[in-house]
Amino acid sequence: MGPIAGSGGYWVATPGSWIVARPGTLTGSIGVLSGKLVTGGLWQKLLFNRETIAFGDHVLLENDERPFSEEERAIVRADINRIYRAFLELVASARKMTSDEVDAIGQGKVWTGRQALERKLVDELGGLDDGIAKARALAGLPEKAQVREARGPRRLIPPLAQPAAAGGWLAYLFEGLKLLNRAPALAVVEYIPGDLTWH
């Protein structure tokens, strides 16, 4: 783990055979955050007229024109609880702990690498070289086995605007999927003051 591996970063690291974190790494944050920004009144003040046409129950759940109704809030809470329980079970299984033990150190709490080691969320303190050494050992490779660091692109390059004539639309689609597959993992969290639900 580098400087930060919290929430989604910790979720991604959890299935690893051995987790190495720097002493100052911010990690943990086993929790789920959800909400939405309500901008309905803003558009009226800016003299914008918006009209929404929708059919079906709860299709406007994430609509920004109004806050959640009580029924919608219950749906969001149920989703948060379901995802949080799945997170707890994933960590409990990987770290050989009970869900209750994980819950006690979960609930969105953030730990330094040193604190995470004390709480059994990571296995060792160290940097990249320590992680590489452990990976070699786990793979049964000699200490001096050559290692190559693979890095994704600094920024994604979108597919060509016009699909290649040779491959047509299918080649265009596969090129886009290939680029998405090379993309770094991203975690998106909405912080919504006023209509925020946290577990």
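The rules behind each value
- Residues numbered from 1 in each chain as written.
- Predicted model: local features only at pLDDT ≥ 70, side-chain atom pairs only at ≥ 80, totals over all residues.
- Heavy atoms only, no water.
- Helix = DSSP H or I, 4+ residues; strand = E, 2+ residues; numbered from the N terminus.
- Contact = heavy atoms within 4.5 Å.
- Areas by Shrake-Rupley, 256 points an atom, 1.4 Å probe, with all protein chains shown as cover.
- Phe/Tyr/Trp six-rings, centres within 6.5 Å; stacked < 30°, edge-to-face > 60°.
- Buried < 20%, exposed > 50% of the residue type's maximum accessible area, 1.4 Å probe, protein only.
- Patch = residues over 30% accessible without salt bridge, like charges linked within 9 Å, V, L, I, M, F, W, Y side chains within 5 Å.
- Salt bridge = Lys/Arg side-chain N within 4 Å of Asp/Glu carboxyl O.
- Pairing = 2+ DSSP bridges.
- Axes fitted to C-alpha atoms, helices over the stretch in contact; angles between N-to-C directions.
- Core = buried A, V, L, I, M, F, W, Y, C linked by side-chain atoms within 4.5 Å.
- Expected span 1.5 Å × (residues − 1).

Asker: Help me out: how do you make sense of the overall build of the protein in this one?
Answerer: Counting its secondary structure elements, the protein contains seven helices and seven strands. Going from N to C terminus, the protein has its helices and strands arranged as β-α-β-β-β-α-α-α-β-α-β-α-α-β. Sequence-distant contacts in the protein: of pairs separated by 6 or more residues, those separated by 24 or more amount to 59%. Element-wise, carbon and sulfur atoms account for 58% of the exposed surface of the protein, whose accessible area totals about 13800 Å².

Asker: Looking at this model, I keep getting lost on the packing of aromatic side chains. Mind explaining?
Answerer: For any pair of aromatic rings, geometry is given as the distance between the ring centres together with the angle between the planes. Evaluated as defined, the whole model comprises one aromatic pair. Here W11 and F87 contribute two aromatic rings whose centre-to-centre distance is 4.5 Å and whose plane-to-plane angle is 45°, an arrangement assigned as tilted. One end of the pair, W11, is in helix α1 (residues 8-13); the other, F87, is in helix α3 (residues 70-95), with 76 residues separating them in the sequence. Residue W11 is classed as partly exposed on the basis of its relative accessible area of 34%.

Asker: So what exactly am I meant to see when it comes to a nonpolar patch on the surface here?
Answerer: The grouping of I4, L26 and V110 at the surface amounts to a nonpolar patch, some 290 Å² of accessible area in total. Relative to the helices and strands, I4 resides in strand β1 (residues 4-6). Look at I4 and you get exposed, because its relative accessible area is 65%.

Asker: Is there a simple way to think about the side chain of E72 in this case?
Answerer: Examined against the element boundaries, E72 turns out to sit in helix α3. Discounting residues that sit within four places of it in the chain, E72 has contacts with H58, L60, L61, R66 and P67.

Asker: I'm lost on the sheet that holds strand β5 (residues 110-112) in this one. Help?
Answerer: The pairing of strands in a sheet comes from backbone hydrogen bonds and takes either a parallel or an antiparallel form. Here we have three strands laid out as an open sheet, ordered β1-β3-β5, and mixed in their pairing. The sheet is open, and its two borders are formed by β1 and β5, each paired with just one other strand. Taken pair by pair, the neighbouring strands of this sheet meet at an average axis angle of 35°, ignoring direction. Bridge analysis of strand β3 (residues 26-28) against β5 gives three bridges, and the strand direction is antiparallel.

Asker: Can you help me understand the nonpolar core in this one?
Answerer: Generally speaking, a soluble globular protein has its nonpolar side chains buried in company with each other. Ranked by internal contacts, the top residues of the largest apolar core, which has 21 residues, are Y10, I30, V91, V102 and L121. Those elements that place two or more of their residues in this core are α3 and α4 (99-105). It is α3 that provides the largest number of residues to this core, a total of seven residues. The contacts of V102, once residues within four sequence positions are left out, are I30, L88, V91, A92 and M97.

Asker: Would you mind going over unusual backbone geometry with me for this structure?
Answerer: Trans is the prevailing form of peptide bonds, just as negative phi is the prevailing case for residues other than glycine. Phi angles above zero are rare outside glycine, and S7 is one such case at about 55°. Counting through the fold element by element, S7 comes out in the loop between β1 and α1. S7 gets classed as partly exposed once you look at its relative accessible area, which sits at 23%.

Asker: When you look at helix α6 (residues 128-139) in this model, what are you seeing that I'm missing?
Answerer: Helical geometry note: an α-helix holds 3.6 residues per turn, so side chains three or four residues apart project in the same direction. Across its twelve residues, α6 extends 16 Å between first and last C-alpha, which sits within 8% of the 16 Å expected from 1.5 Å per residue. Taken from the residues just after α6, G140 is the one with a positive phi, measuring 75°.

Asker: Help me understand α3, please; the structure alone is not making it clear to me.
Answerer: With 26 residues, α3 should cover 38 Å at 1.5 Å per step; its first-to-last C-alpha distance of 37 Å lies within 8% of that length. Along α3, the positions that sit buried rather than exposed are E72, R73, V76, I80, Y84, F87, L88, V91, A92 and R95. Backbone geometry just downstream of α3 places K96 in the positive-phi region, at approximately 55°.

Asker: Help me out: how do you make sense of the pattern of salt bridges in this one?
Answerer: Close approach of charged atoms allows side chains of opposite charge to pair. Overall, the coordinates contain five salt bridges when judged by the stated rule. For R82, the salt bridge identified is with D79, shortest N-O distance 3.2 Å. With R82 and D79 both in helix α3 and three residues apart, the pair spans about one turn of that helix. Between R95 and D123 there is a salt bridge, with its nearest N and O atoms 2.8 Å apart. Pair noted here: R95 is in helix α3 and D123 is in the loop between α5 (113-118) and β6 (124-125), with a separation of 28 residues, a long-range link. Judged by relative accessible area, which is 11%, R95 ranks as buried.

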